[in-house]
Amino acid sequence: MKRRTLVASFAVFVTVVAALLISSQTVLVSAQNHGHGKGDRDEPPPFYNPYPPGILPSDLNSEIARVLREVDFIENEALMQLRALPPPTLTNQPPLLAHTGQKLNVLVGKALNFDRNISPFKDRACAFCHMPYAAFGPPIPSVNLTMIAYPGSYNFRAGKRNPQRYTYAPSFPVLNFNETQQAFFGGNFWDSRATGYLLGSPDANQAQGPPVDTQEHALPDTACVAFRLQSAVYKSFFIELWGDDLDAIKFPHNTEEICDTPGGASIFGTDTMPIKLSPVDRAIANHVFDHWGQSIDQYEGSPDVSAFSSKFDAFLFNPTTNPLSADEMAGYNLFRGKANCNSCHLDGRSTAPTPANGSAPNGVDTGAAADTRPVFTCFGSANLGLPLNPRNAFYYQTTPDFFGFTANPFGFGYRDLGLGTFLRSGFGTWASPNDDWTQFAPTSDGQMQTSSARNVAMTPPQCPTTEAGIGQPYFQKEFFHNGYIKSLKQLVHFYNTRDVAAYHYNVTSGHCPAGTTEKVDCWPNPEVPNNIDTTIGMLGLTDTEENQIVAFLQTLTDGFTRPYPDINTFTGMCMTCNPATDPNCSPSRQGNGFLIPTPSPLPPCASAVCAVAPLPRPKPIP
């Protein structure tokens, strides 16, 4: 593929942005000609734009269109693979789809994942926020720089967090509380709300979230999934896998109009099941929805997604024939030693920090690897002390959209308490299935899931790095739940220096004192001051050692031992920068040209978030 580069520049007048957005919304939903809860109309609903200038990137419309084309390409690929697959044989007791049954399930999951008809305006698939070339993470560089959360089916509602990578998510166990360690382990999503308590798989449970999330696919009823599957081009394969109950559902005449109206619309009130089905049909629709999640889970757990094909895997198999470079090996020793990364991102080895009286730069575990396919996570959660990120589009969705829905009535009074909010069944999350867990909310406030470190550096082949200013095109990513960090160098530097007294200032993001540089020698206050993980923050790493850890993290990218499926589907443009003209053209300062100040004074945490029992402690959330 021909290499193309783009110098990132998104500053435009708001009037120009508005004109572009109106044009794009018309294009994206012009094919729809249904009521959307407002009566029959030939025109699409007006776009929702409560954002100040600079939050929405100027290329948002063209980038949405690009990703949709890529989604369609992979969807067509999945359909071709399904049609070419020899049918399985139903046999055995218990019944089993022999020979090609597993591959059928994986390919059905792939078709489901890339089907953008599973949304009111038929313009969002699960993959829209999770493309293969970004390790099934967020695929739009300009969004990763600006609005952080991704626009859903109704433009431009947006979520509240950085979309998490799919890779290795199926490895997470069902969420449970470990009484001995007094900590939660498992679940999916940043706040672990996809517990897996019913399906036995947090990843399958997670797949059920976006289709009915008001900010994402935005279907108003889970039965809309079964309704859309009844007319899916891959329906016969779904039925071959899961049985013919799907076609037995008798949907009422107004189902299309309901499913064409995004969730949260005032016309629905508080009704979460606006499609009025008989008890039998509702039960079948629920089973179809479960099967939806289970097939997607099988796809995400397959080698097509979670591949174990990295340079590090080759090194584990045979370090003699597949050695790491000097910098990569130094980074690996730091990762499991002085930097203490291995305490949370487990590699199957012990963590060997520098002895208090030692002189070596880091300890070295000389034992054999205990696990030949480590997932590089402890499956737990931690509050890393990240500052509030004022670029997040969620803070600005404070007014009703065309359908009467307001995503965030609290504005900058919202605080993301992560796992703590979920345990309280609080605002913006799901209800907890276990009241015994509620008591642990105060000790879980601010905690977010420890994602696998695998594929953290994956980029499209033509954009071979995540880091700016190193002489080659790069792919702009966002890291952590709120997208505050923009490069792996910044990520490691944050872990290294967050608690260094000279680097901490009593400010919010965008307000670092003159003479300092945010993310370099100034870290603003954490959004949530409670339960901060103290195993990191003051590691004493040198600049070279930080870079060596980045080098090691890059060895965790799949596709080294065999091609990574669909990684070549990126049709966008890489970014480049010139250190001679751009002061932020370095991994350390990457993205700093797009910093904006947090409102000052920052409104206090809304009572709907921080005054829900049991209250946050020992410190109040500011």
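Before reading further, recall that the structure is shown in the block above.
Remember, it's a predicted structure, so these values are computed and weren't measured experimentally.

Visitor: Can you help me understand the overall build of the chain in this one?
Guide: Assigned secondary structure in the chain consists of 15 helices and 8 strands. Its C-alpha radius of gyration of 24 Å places the chain within 12% of the 25 Å reference for a compact globule of 622 residues. Expressed as a percentage of its 622 residues, the buried residues of the chain come to 58%. Surface summary for the chain: the accessible area is close to 24,200 Å², and the carbon and sulfur share equals 56%.

Visitor: Even after reading the chapter, I still don't get the environment of Ser432, so can you show me in this structure?
Guide: Relative to the helices and strands, Ser432 resides in the loop between α12 (419-423) and β7 (448-449). Note: C-alpha distance between Ser432 and Ala194 (238 residues apart in sequence) is 9.4 Å. Residues in contact with Ser432, not counting those within four places in the same chain, are Phe422, Leu423, Ser425 and Trp437. A distance of 3.2 Å separates a polar atom in the side chain of Ser432 from the backbone nitrogen of Asn434.

Visitor: Would you mind going over helix α14 (residues 543-553) with me for this structure?
Guide: One turn of an α-helix holds 3.6 residues; hence residues three or four places apart share an orientation. Counting buried positions over the 11 residues of α14 gives 8, a clear majority of the element. Those residues of α14 not exposed but buried are Glu545, Glu546, Gln548, Ile549, Val550, Ala551, Phe552 and Leu553. Taken together, the buried residues of α14 touch α10 (311-317), α11 (326-335) and α13 (488-497).

Visitor: How should I be thinking about the pattern of salt bridges in this particular structure?
Guide: It is possible for side chains of opposite charge to pair when their charged atoms get near one another. Under the defined criterion, the tally for this structure stands at 23 salt bridges. Put simply, Glu63 and Arg66 hold a salt bridge, and the shortest N to O gap is 2.9 Å. Of this pair, Glu63 and Arg66 both sit in helix α2 (residues 60-84), 3 residues apart, which is roughly one turn of that helix. Judged by relative accessible area, Glu63 falls into the buried class, the value being 12%.

Visitor: Can you walk me through the packing of aromatic side chains in this structure?
Guide: If you walk through the whole model with that rule in mind, you get 39 aromatic pairs. Residues Phe172 and Phe379 carry aromatic rings whose centres are separated by 4.9 Å and whose planes lie at 85 degrees to one another, so their mutual orientation is edge-to-face. Of this pair, Phe172 sits in the loop between α4 (141-145) and β4 (176-178) while Phe379 sits in the loop between α11 and β6 (381-382), placing them 207 residues apart in sequence. When its relative accessible area of 4% is taken as the criterion, Phe172 is described as buried. Owing to a relative accessible area of 22%, Phe379 belongs among the partly exposed residues under this scheme. Judged by centre distance (4.9 Å) and plane angle (15 degrees), the ring pair of Tyr332 and Phe552 falls under stacked. Of this pair, Tyr332 sits in helix α11 while Phe552 sits in helix α14; the two residues are 220 residues apart in sequence, bridging distant segments of the chain. Take Tyr332: its relative accessible area is 1%, and that puts it in the buried class. Judged by its relative accessible area of 0%, Phe552 is buried.

Visitor: Please explain unusual backbone geometry as it appears in this structure.
Guide: Peptide bonds are, in most cases, trans, and in most cases residues other than glycine have a negative phi. For the bond from Gln93 to Pro94, the omega torsion is 10 degrees, close enough to zero to count as cis. Structurally, Pro94 is set in the loop between β2 (89-91) and β3 (96-98). Note the cis peptide between Ser600 and Pro601, where omega equals 0 degrees. Residue Asn340 is not a glycine yet carries a positive backbone phi of 65 degrees. Assignment of secondary structure puts Asn340 in the loop between α11 and β6. We note that Asn455 has phi near 65 degrees; this positive angle belongs to a residue other than glycine. Inspection of the secondary structure puts Asn455 in the loop between β7 and α13. Among the residues examined, Asn455 registers a relative accessible area of 0% and is labelled buried.

Thresholds applied
Residues numbered from 1 in each chain as written. Predicted model: local features only at pLDDT ≥ 70, side-chain atom pairs only at ≥ 80, totals over all residues. Heavy atoms only, no water. Helix = DSSP H or I, 4+ residues; strand = E, 2+ residues; numbered from the N terminus. Rg over C-alpha atoms; globule rule 2.2 N^0.38 Å. Buried < 20%, exposed > 50% of the residue type's maximum accessible area, 1.4 Å probe, protein only. Areas by Shrake-Rupley, 256 points an atom, 1.4 Å probe, with all protein chains shown as cover. Contact = heavy atoms within 4.5 Å. Polar contact = N/O pair within 3.5 Å; in protein donor to acceptor, adjacent residues only side chain to side chain. Salt bridge = Lys/Arg side-chain N within 4 Å of Asp/Glu carboxyl O. Phe/Tyr/Trp six-rings, centres within 6.5 Å; stacked < 30°, edge-to-face > 60°.

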